[in-house]
Amino acid sequence: METEASSSDGSTTSPTLPVVVPYEVNSMILCSHTDNLFYEAKIIAVKVQANGDYVYTVHYQGWSKRYDENIPHSRSASRFRPFTPENIELAKIEMKEAKARAAELVKKRNHKSQKFGVGVQAYSTPRDVKPLINHSFRGSSAEGLSRSPSTSEAVSVPEKLKALLENDHRLVENELKLPRLPCRSTVSKIMKEYVMHVRKLDAVCSEVKVHKGRARYWKGVVAALDECADNMKSFFDLVIASDILYPNEKLRHKDLTEGTSRVIHLYSITDLLNEPKKGLRASEYYGFIYLLRLLIRFPEMIEFMLCDSDSKEILTVFVQSFVRYLGSNSEKFFDPELDYETVTEEYKLRIMQSSKI
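Let us look at the structure shown here.

Conventions used here
- Chains are numbered independently. Their residues run from 1 in the order of the written sequence.
- Thresholds applied to this predicted model are a pLDDT of at least 70 for local features of residues and 80 or more for the giving and counting of side-chain atom pairs; totals over whole chains, interfaces and linings are not thresholded and use all residues.
- Excluded from the side-chain calculation are hydrogens and water; included are all heavy atoms of the structure.
- We define a salt bridge as a contact between a side-chain nitrogen of Lys or Arg and a carboxyl oxygen of Asp or Glu at a distance within 4 Å.
- Every helix listed is a DSSP run of H or I at least four residues long, and every strand listed is a run of E at least two residues long, numbered separately from the N terminus.
- Exposed residues in this analysis have more than 50% of their type's maximum accessible area, buried residues have under 20%, and partly exposed residues fall in between, with area computed by a 1.4 Å probe over protein chains only.
- DSSP bridges decide pairing: two strands pair if at least two such bridges lie between them.
- Simply put, an axis is a line fit to the C-alpha atoms, just over the touching stretch for a helix, and the angle between two N-to-C directions goes from 0 to 180 degrees.
- Buried residues of nine kinds, namely Ala, Val, Leu, Ile, Met, Phe, Trp, Tyr and Cys, make up a nonpolar core once their side-chain atoms join them within 4.5 Å.
- Pairs were defined over the aromatic rings of Phe, Tyr and Trp, the Trp ring being its six-membered one, requiring ring centres within 6.5 Å. Orientation was assigned from the angle between planes: stacked under 30 degrees, edge-to-face over 60, tilted for the rest.
- When the near helix sits turned anticlockwise from the far one by under a right angle, the crossing is termed left-handed; a clockwise turn instead gives a right-handed crossing.
- For this analysis, residues touch if any pair of their heavy atoms sits within 4.5 Å.
- All residues other than Ala, Val, Leu, Ile, Met, Phe, Trp, Tyr, Cys, Pro, Asp, Glu, Lys and Arg, Gly among them, are scored as polar; the first ten of these are nonpolar and the last four charged.

The next subject is the pattern of salt bridges. Evaluated as defined, the whole model comprises 17 salt bridges. In this structure, Arg81 and Glu94 form a salt bridge, with 3.1 Å as the shortest nitrogen-oxygen distance. Here Glu94 lies in helix α2 (residues 85–114) and Arg81 lies in strand β7 (residues 80–82), a separation of 13 residues in the sequence. On the basis of relative accessible area, Arg81 is assigned to the buried category, the value being 18%. Residue Lys233 pairs with Asp230 through a salt bridge whose shortest N-O separation is 3.7 Å. Note that Lys233 and Asp230 are positioned in helix α8 (residues 225–244) at a spacing of three residues, about one turn of the helix.

As structure tokens, then:
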């Protein structure tokens, strides 16, 4: 227990507080990210807040500037490690172990789910919408795809959005009508408007209605709103070709990424972290209906994300609120009468030829 110190004249003085020695600009550190792994980083700016606490702007080496973070000194003990050879080696070991655990998890889930005819690899293209909706949001009795109650029943889809998805599947697969590109309301634009909506909502409401049992995570959503939105856009950019597009759309996507180079194709997470290439991200070109296709499969996909349980809960609450927002504003972002176009005869021929290969 701290006691007051006495001076020579008998008066008391406050105990001496430890002097905070801040990190300096250009200091190299190891900094933990949302996956709780440590990465090489540099402190590129140091500021002092009104309360006297130092705030460091941290840039992860080799990553895009949009991942820079502002971290107060009060959190540096848990977020930073000294940049020493021992700590660098420790970070590499932890990263290898995390990747090994993730690979083993995918392997086990894939092996188990194959017994039910639903392997992880089967998710390479969208499946029939009705069973997908029921499976993704009502839970599944299949052992290989079972999840904890916190994620399996996390997201409910308004009937209006289900109808749009069923109609989308019919038009694309049966009538060869594809959503017009670029979309009038892109994923990036929709996410930006949603972030603004939440900030206004949070400013006037002390409590926001969220899924039962998840209210305590809403503050985390608001605090990490920009990060949640950026992560969702990045995830969309990464899986657009493998998990969102129907087979009839993949030739068009290939034309956009290889022929005209209007859209950037991301091959791995490394591509996300690097400085952006010339062209648009998929989230800046594709729009509402593609975003819905991703969101209905969110409970399946979150199980394979390398982040702690609290981060998953926060992201799940974010998605649930976002889906409700899309349900209330679907007419604003999407009109089936305007936002589809019939493919050309030339494109139909190319689809037929590619299906024979």
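Anyway, onward from the coordinates.
Read across the open sheet, the five strands follow the order β6-β5-β4-β3-β7; overall the sheet is antiparallel. Looking at strand neighbours, the two that pair on one side only are β6 (69–72) and β7, the edges of this open sheet. In this sheet, adjacent strand axes meet at a mean angle of 45° when their direction is disregarded. In the sheet, strand β4 (residues 38–48) pairs with strand β5 (residues 54–60) via seven bridges, with the strands oriented antiparallel. Paired with Val46 across the two strands is Tyr56, which belongs to β5.

This part covers the nonpolar core. A general tendency of soluble globular proteins is for nonpolar side chains to be buried together. Ranked by internal contacts, the top residues of the largest apolar core, which has 61 residues, are Phe236, Tyr286, Phe288, Tyr290, Phe318, Phe322 and Leu326. Ranked by the residues each element gives to this core, the list is headed by helix α13 (residues 309–328), at nine residues.

Scanning the entire structure with this criterion turns up 17 aromatic pairs. Ring centres of Tyr23 and Tyr56 lie 5.5 Å apart, and the angle between their planes is 90°; this geometry places the pair in the edge-to-face category. Here the residue Tyr23 occupies a position in the loop between β2 (12–13) and β3 (28–32), and Tyr56 occupies one in strand β5, the gap between them amounting to 33 residues. Owing to a relative accessible area of 27%, Tyr23 belongs among the partly exposed residues under this scheme. On the basis of relative accessible area, Tyr56 is assigned to the buried category, the value being 0%. Clustering of aromatic rings is evident, with ring pairs tying together Tyr194, Phe288, Phe318, Phe322, Tyr325, Phe333, Phe334 and Tyr340.

Each pair of packed helices gets described by two things: the angle between the helix axes and the distance between those axes. The N-to-C vectors of helix α11 (residues 288–295) and α13 enclose an angle of 145°; their axes lie 12 Å apart at closest approach. In this structure, α11 crosses over α13, and the sense of that crossing is left-handed. Counting all contacts with α11, which are made through Phe288, Leu291, Leu292 and Leu295, the residues of α13 involved are Val319, Phe322, Val323 and Leu326. Per-class residue counts for the contact of α11 with α13 are eight nonpolar, no polar and no charged.

Tracing the backbone through its elements, the reader meets Ser76 in helix α1 (residues 76–79). When near neighbours in sequence (up to four residues on either side) are disregarded, Ser76 contacts Tyr23 and Tyr56.

Summarising burial for β5: six of the seven residues are buried, a large majority. Connecting β4 to the antiparallel partner β5 that follows it, the hairpin turn spans five residues, and Gly52 within it adopts a positive phi of roughly 90°. Strand direction decides the pairing type here: β5 and β6, joined by four bridges, are antiparallel. Following the sheet pairing, Val55 is matched in β6 by Pro72.

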